[in-house]
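Read off the chains here:
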Amino acid sequence: DVLFFRLKFIFGPSAVPALDLVDQRSVTRVTSPSGRTAYQVLGSSGKLYTCYSSCHFCTCPAFGFTVLQKSESLLCKHILAVYLSQAMGACQELTVSEEQLTSILLAEEEDEG
């Protein structure tokens, strides 16, 4: 209970939804043979978001608006779910080819543009 309240205090409204994503095993670590890594999180809406823990970035609209534009939050629920999944060893693992990882990353870019 103490850890839960600390999470809520630090991360506010993102804590509970992030823990829900972890419980649902919605976080997948995608790794290529070269060691490049990205995370995909299946959001509560059913949309797949790509997260980069190394640079603290998520492709979801909430991250762009709440974190980047308004600076109202440190992170979105997807990034927090990635960090919690890493800490708890709860990430699903997926190894893909370099080409497949490139396709995943470019698909996110095309969605934005």
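Residues numbered from 1 in each chain as written. Predicted model: local features only at pLDDT ≥ 70, side-chain atom pairs only at ≥ 80, totals over all residues. Heavy atoms only, no water.

For the protein, the name recorded in an unreviewed UniProt entry is ZSWM7 protein, with Cepphus grylle as its organism.

Draft legend 1. The arrangement of the side chain of T31 in detail. Of note, T31 is situated in strand β1 (residues 27-31). Look at T31 and you get buried, because its relative accessible area is 15%. If we ignore the near neighbours within four places in the chain, the residues touching T31 are R36, T37, L94, T95 and V96. (Helix = DSSP H or I, 4+ residues; strand = E, 2+ residues; numbered from the N terminus. Buried < 20%, exposed > 50% of the residue type's maximum accessible area, 1.4 Å probe, protein only. Contact = heavy atoms within 4.5 Å.)

Draft legend 2. Looking closely at the nonpolar core. Ranked by size, the top nonpolar core spans 23 residues in total, and within it V27, C51 and C58 carry the most contacts. Of all the elements in the fold, those that place two or more residues in this core are α2 (15-23), β2 (37-42), β3 (48-52), α3 (61-69) and α4 (77-88). When sequence neighbours within four positions are dropped, the list of residues in contact with V27 reads Y39, Q40, V41, A81, V82, S85, A90, C91 and Q92. Grouped together as the second largest cluster of nonpolar side chains are six residues, V30, A38, Y52 and I104 included. (Core = buried A, V, L, I, M, F, W, Y, C linked by side-chain atoms within 4.5 Å.)

Draft legend 3. Structural detail: the sheet that holds strand β4 (residues 57-58). The five strands are arranged β4-β3-β2-β1-β5 in an open sheet whose pairing can be described as mixed. On the outer flanks of this sheet lie β4 and β5 (92-95), each paired with one strand and no other. Pairing between β2 and β3: four bridges, direction antiparallel. Paired with Y39 across the strands is C51, a residue of β3. Contacting β1, β2, β3 and β4, α4 runs over the sheet at an angle of about 65° to β3. (Pairing = 2+ DSSP bridges. Axes fitted to C-alpha atoms, helices over the stretch in contact; angles between N-to-C directions.)

Draft legend 4. Highlighting the UniProt feature "domain: SWIM-type" (unreviewed entry) in the protein. Here the UniProt feature "domain: SWIM-type" (unreviewed entry) sits at residues 49-87. Structurally, residues 49-87 comprises 51% helix and 15% strand, and the distance from its first C-alpha atom to its last is 20 Å. (UniProt positions renumbered as here; feature names shortened; annotations may be inferred.)

Draft legend 5. Structural view of the pattern of salt bridges. In the structure shown here, the tally under the stated rule is two salt bridges. Between R36 and E98 there is a salt bridge, with the nearest N and O atoms lying 3.2 Å from each other. Residue R36 is found in the loop between β1 and β2, and its partner E98 is found in helix α5 (residues 98-112); the two are separated by 62 residues along the sequence. By relative accessible area, which is 37% here, R36 ends up partly exposed. Ionic pairing is found between K70 and E72, a salt bridge with its closest N-O pair at 3.2 Å. On the basis of relative accessible area, K70 is assigned to the partly exposed category, the value being 42%. You can call E72 exposed: its relative accessible area is 55%. (Salt bridge = Lys/Arg side-chain N within 4 Å of Asp/Glu carboxyl O.)

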